[in-house]
Structures are given as structure tokens and as C-alpha cells.
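Structural overview for review
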Amino acid sequence: MNIKEIKAMAPATEPARQKYFMEHVKARIAELAAEKGRPLTCFISTFGCQMNARDSEKLLGILQEVGYVQGTDENSDFVLYNTCTVRENANLKVYGRLGYLNGVKRKNPEMLIALCGCMMQEPTVVEKIKKSYRHVDIVFGTHNIFKLAELLFDRLYSKKMVVDIWEGTDAIVEDLPIERKYPFKSGVNIMFGCNNFCSYCIVPYVRGRERSRNPEDIVKEIETLVADGVVEVMLLGQNVNSYGKTLKNPISFAELLRRIEAIEGLERIRFMTSHPKDLSDELIEVMKGSKKICKHFHLPLQSGSSRILNIMNRRYTKERYLELVDKLRTAVPDIALSTDIIVGFPGETEEDFQETLDVVRKVRYESAFTFIYSKRTGTPAAAMENQVPEDVVKDRFDRLLKEVQDIAAEAILRDEHTVQDVLVEDLDSHEPGFVTGRLSNNTVVHFKGDASLIGKIVKVSLDEAKGFYFMGTMVE
Ligand code: SAH
Ligand code: SF4
Ligand code: F3S
């Protein structure tokens, strides 16, 4: 068969179509490996959030299926950057790395370079790549990552850059190979996209409209993961609290959690991200009664000023946010709270900023991710005229960071000298003979141990708090 015939014969429906292309690509990769006398290697570099991390596991699953083995760096036969565009810095990093890859490719002209992820959903980015980064081979977006085998097929049999960006999709393609980073824990997408259009945020434009997976598919996936050794899942969505609302048979996120809790063998459930506007009493009730949901809640604040929150289109006030925190702490007293905060949103005054500090002092977060506002072209906030001067933002950012760090260092002391369950995640990268794990409340602890403990839940005495982590001793 020639290439045209192979394409014409491809099944029209997914995932059958991709499985078909995987077989054909696999044959070609095997030929190339035989010519080189060694297996072909692939390397994926992931930027951005947990969504991208999970997407990269799917992409690696496909690449391994077609015969690539995992390389350790960019000196690989197939290099893929899964990009993020939530802040300007994320884009700059990718352009920097692409410049570097140009030199790598000169030494190995047969290597393939692919780009995917959120940044590729921006037309100006793709134009720039087509014009100035001709050494890139494949460009695709967030809606068609399942199509990697087909795109790779197209590129292997043509000399042109393959560009395939979808503006949106209703499709959720299930049942393709996935290569997990950790054997004992896994992210699980429960929904895709976002409908909230916070005025500073690019995510709804690059990830498309909100789509929930069927609860049956989610439960089935987790059961399969548990049978394969997974003890902890992280349910992923931009706004998990609105899960299920648009399904044909709507169900709530709280109900989904109840069903997941019932899966035998699963030990820990985490989720990300909760939007305060959709945080329900039902969810708080479920958390209160749960043995498996971790005692950690990530509740992005963004700003403590109700005036700014309104312009951000967040649809809650400072008072409502504090009320939710109270409810959570009343229902689950030892819960740890973390958050995201943006400093320097257009029009933010010193008074607005003081409101943010006030919430930080009242809530006393166990951890907080602080960001300098980054102008994202195409979002409403980018067109606002009263952008805050850089030096003012920097000064506020430094003050916020100090407050956040001081409070977190105090908050962690609460658990010092207690004994807690720890899921061991890895060997300690700094201290030979030590391992690293996480408490239910997400705090990291280092203690003496070896690789045989990885993936196990053990009891650890938290001997000494060191800022944001513990040094401990295993007690059983
Ligand atoms: N869906 C999640 C957030 C996803 S983006 C939520 O609603 O909380 C992760 C974080 O990046 C956001 O919480 C926000 O704090 C930050 N962020 C998003 N857009 C930003 C921008 N333009 N500038 C700075 N930080 C931004
Ligand atoms: Fe962005 Fe808001 Fe959607 Fe979060 S909820 S991804 S901040 S638009
Ligand atoms: Fe970045 Fe896309 Fe996540 S823009 S934060 S990788 S959804």
C-alpha cells in the first residue's frame, strides 16, 4: 500500500483510527531503529499545570506504543514540548528552549521536534513558529493530543511541517495508552476546559468550553488504576466544583466523590482546582464524612478585595470567601488550605492590596502560590488602561510573599511531634538513605528509608519542622 491508500483505509472513528496509525508508525519506527542499530528515543518536556502533566502521560503512552524508548534529555530522536501560556514567562521559556534545539538539530538533522499544549492554541504563536522556527516538525494543540500517532505518521511521510490546531471540540477520546510517571499515584481528568472567563485568564480560550467525563468512565478508569497499584488519585479540572452540571444525566462533584470513595483499594483522593463560587455545602459534608479525601483544600483567592474580585469576574466577595473557609474548617478542623493569589491586577490600589493581606492573615494558609499579574493578549484585563507600574507590583509581591511564608512556617508547627500517615513518593534527592513523602494535608516530609517503601503508606513521627517541610522518623 502507498501512503495515500494507508490514509484512505483508516477507520473514521476514534480510538480505532489512532490505533490503526499507531500500528503503521510502529512499523516505520522499527525500520528506522534497525537502520540506526539502536532504539529511537523520545523526550517530553512539560510546562504548566497538572492538566498538562496528565496530557504528557498520554502523549508518552502513544510514543512508547509506537516504539520510542524514553530518553533523558533533548538529545533524543523525538522531542516534544507540551507548553503553557498562562503567564508571559511560560511562553518566553519555550522560545528560549526552541532556540537551543536549533543547535541540537543541526547535529542530528533526523530528529523530530513537536510542540503542543496551550500556547499552540494562540494563532499569533503558531504564525511566529511557522515563520521563525522552521526546524519544528509538528505543531498541535490541546484538543487533539489523542491524534499524535496520526500526526507523526503524516510527518514521517512528508517533508513539511505538520500543523493541526483545533479551535474546540466536544469529543472526549478514551482508551488510548497512558504511561504514568508514578506507579502508585495518578492524575485523573474528570473534566476539560473552562467556562468561567476570569478577566485576566487565557485558559478558557486555549482549553475550550467545559466538558465533563461520564462518571462511569471515571470510576472505571480509577478501578483499573487501583488494580495496577495506584493508591492515590488527583481528580483534575479547572473548576471541579462545577463537575457534572452539563452531563446528559447531571450529577454533582460531591456525588462523584461518594462513588470514588467506594472504590476498594483506593486510599487517598485529592482534587484540583476548586472555584469558590461553586463550592457547595454538599461537598463540605462529603469531605467531613470521608475517610479517603485528603485533608487539603486548594481554594484560589486571586484577590482579597471584593472590588477587584468583581472586575476579575470571580463572582464571590471577600466575605463569601472567608465564610467558605470557616465552613471548611468547622467541618474538617485539621484541614490545610492553600491558594493562588495575583498581585498587580489592573487598577489594584494599596487599599485593595491590604484587603488581600487581610485575608492571608485571617485564613493563615499552609501554602500559597503568588503570581505577578501577567497581561494576556485577548483577555478583557489586557485591554484595561490602569495597569499597575512594575516597581509598585514588585514591592507588593515581596511584601505578600514574606507574609505568606512567615504564616506557612508557623502553621506547619501545629503538626510537629505528631505521628501521621505518609505516602512515600521518592528517594530524597538531597540526602542519600532518605525518602520523601506527603502527609494527607500535602506537607512534605523527609525521613530515613529505602526504595522498597516507595508507594507505601507508613506512619512517621514529625520530629522537626523546617519552614515548609518536616524531617521525621518512621515508626512502623
Ligand atoms: N482554574 C484555576 C486556575 C488555573 S490557572 C482556578 O480558577 O483557580 C492557575 C493560576 O494562575 C490561577 O489561579 C491564577 O492565580 C494564575 N493566573 C492565571 N492567569 C494569570 C495571569 N494573567 N497573570 C498572573 N497569574 C495568572
Ligand atoms: Fe482561568 Fe478562572 Fe477558568 Fe481558573 S476558573 S481557569 S482562573 S478562567
Ligand atoms: Fe498553563 Fe494550560 Fe495549564 S495555560 S496552567 S498548561 S491549562
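Details of the structure are given in the entry above.
Since we're looking at a predicted model, the values are computed, not measured.

**Thoughts on the site of ligand 1**
Near ligand 1 lie 15 residues; those nearest to it are Q238, P300, Q302, D340 and S374. Contacts to ligand 1 include Q238, whose side-chain N or O atom sits 2.8 Å from a nitrogen atom. At 2.6 Å, a side-chain N or O of D340 approaches an oxygen atom of ligand 1. Contact with the protein chains hides 90% of the accessible area of ligand 1, taken as 540 Å² for the molecule alone. Broken down by secondary-structure element, the contributors of at least two residues to the shell around ligand 1 are β13 (336-343) and β14 (367-372). Its residues assigned to classes, the shell around ligand 1 shows 7 nonpolar, 4 polar and 4 charged.

**Description of the side chain of S242**
As for its position among the elements, S242 is in the loop between β10 (232-236) and α9 (253-261). The exposure class of S242 is buried, given its relative accessible area of 5%. Those residues in contact with S242, other than ones at most four positions away along the chain, are M191, E210 and D278.

**Concerning helix α8 (residues 215-227)**
In a regular helix each residue adds 1.5 Å, so 13 residues correspond to 18 Å; α8 covers 18 Å between its end C-alpha atoms and thus fits that length. All of the buried residues in α8 are P215, I218, V219, E221, I222, L225 and V226. Each buried residue of α8 lies within a common arc of 160° when the element is viewed along its axis, so the set occupies one face. Among the exposed residues of α8, those pointing more than 90 degrees away from its buried face are E216, T224 and A227. Along its buried surface, α8 packs onto α3 (50-65), β7 (185-189), β10 and α9. Directly after α8, the chain includes G229, whose backbone phi takes a positive value near 105°.

**As for unusual backbone geometry**
A negative phi angle is the norm for most residues apart from glycine, just as the trans form is the norm for most peptide bonds. Here the amide bond leading from E14 into P15 is cis, since omega sits at 5°, within 30 degrees of zero. Cis peptide bonds are those with omega within 30 degrees of zero, and the linkage from M272 to T273 qualifies with 5°. You can see T273 is positioned in the loop between β11 (268-272) and α10 (281-289). Positive phi, normally seen in glycine, also occurs at F197, with a value near 50°. You can see F197 is positioned in the loop between β8 (191-192) and α7 (203-207). Classification of F197 as partly exposed rests on a relative accessible area of 31%.

**Comments concerning the sheet that holds strand β18 (residues 457-466)**
As summarised here, the arrangement of the 5 strands in space is β15-β16-β17-β19-β18, forming a closed barrel in which the pairing is mixed. Adjacent strand axes in the sheet meet at a mean angle of 50° when their direction is disregarded.

**Details of the pairing of β11**
A regular strand places its side chains so that they alternate between the two faces of the sheet. Of all 5 residues in β11, 5 are buried, a share of seventy percent or more. On β11, burial covers both faces: R268, R270 and M272 on one face and I269 and F271 on the other are all buried. In terms of strand pairing, β10 meets β11 through 5 bridges, oriented parallel. Each bridged residue has a counterpart across the sheet, and for V233 the counterpart in β11 is I269. The β-α-β motif built from β10, the intervening α9 and the parallel element β11 has right-handed crossover chirality.

**Here's the deal with the packing of aromatic side chains**
Both the distance between ring centres and the angle between the ring planes are used here to describe each pair of aromatic rings. For the structure on display, the rule yields 15 aromatic pairs. Consider the rings of Y200 and F345, whose centres lie 6.4 Å apart with planes at 85°: the pair is edge-to-face. Separated by 145 residues along the polypeptide, Y200 in the loop between β8 and α7 and F345 in the loop between β13 and α13 (350-363) bring together distant segments of the chain. Residue F345 is classed as buried on the basis of its relative accessible area, which comes to 0%. A network of ring pairs unites the aromatic residues Y20, F21, F153 and Y157 as a single cluster. Taking NZ or CZ as reference, R87 lies 3.8 Å from the ring centre of F371, over its face. The aromatic ring of Y95 is capped on one face by K128, whose charged end is 4.1 Å from the ring centroid.

**Some remarks on the pairing of β13**
By the criterion of burial, β13 is predominantly enclosed, with 8 of the 8 residues buried. Two strands pair when backbone bridges link them, and β13 and β14 are joined in this way by 6 bridges, in the parallel orientation. The residue of β14 that forms the bridge with S338 is S367. Viewed along the sheet, the connection from β13 through α13 into β14 turns out right-handed.

**Remarks on the nonpolar core**
Among the nonpolar cores identified, the biggest contains 70 residues, and I222, L235, F253 and F297 are the most heavily contacted of them. Considering every element that reaches this core, the biggest residue donor is helix α12 (residues 318-331), with 6 residues. Ignoring any residue separated from it by four or fewer positions in sequence, one finds I222 in contact with V188, V233, L235, I260, I263 and L266. With 35 residues, the next largest nonpolar core counts I6, Y20, V25 and F146 among its residues.

**Concerning the environment of A331**
Counting through the fold element by element, A331 comes out in helix α12. Taking the C-alpha atoms as reference, A331 lies 9.7 Å from V286; in sequence the two are 45 residues apart. Residue contacts for A331: discarding those within four places in its chain leaves I284 and K288.

**So, the side chain of T443**
By the element assignment, T443 lies in the loop between β16 (434-439) and β17 (444-448). A distance of 2.8 Å separates a polar atom in the side chain of T443 from a polar atom in the side chain of N441. Non-local contacts of T443, meaning those with residues more than four positions away in its chain, are made with I412, G437, R438, F468, Y469 and F470.

About the cut-offs
Residues numbered from 1 in each chain as written. Chains lettered and ligands numbered in written order. Predicted model: local features only at pLDDT ≥ 70, side-chain atom pairs only at ≥ 80, totals over all residues. Heavy atoms only, no water. Near = heavy atom within 4 Å. Polar contact = N/O pair within 3.5 Å; in protein donor to acceptor, adjacent residues only side chain to side chain. Areas by Shrake-Rupley, 256 points an atom, 1.4 Å probe, with all protein chains shown as cover. Helix = DSSP H or I, 4+ residues; strand = E, 2+ residues; numbered from the N terminus. Nonpolar A, V, L, I, M, F, W, Y, C, P; charged D, E, K, R; others polar. Buried < 20%, exposed > 50% of the residue type's maximum accessible area, 1.4 Å probe, protein only. Contact = heavy atoms within 4.5 Å. Expected span 1.5 Å × (residues − 1). Arc of directions from axis to C-beta. Pairing = 2+ DSSP bridges. Axes fitted to C-alpha atoms, helices over the stretch in contact; angles between N-to-C directions. Right-handed = clockwise from strand over helix to strand, strands pointing away. Phe/Tyr/Trp six-rings, centres within 6.5 Å; stacked < 30°, edge-to-face > 60°. Lys NZ or Arg CZ within 6 Å of the ring centre and 35° of its normal. Core = buried A, V, L, I, M, F, W, Y, C linked by side-chain atoms within 4.5 Å.

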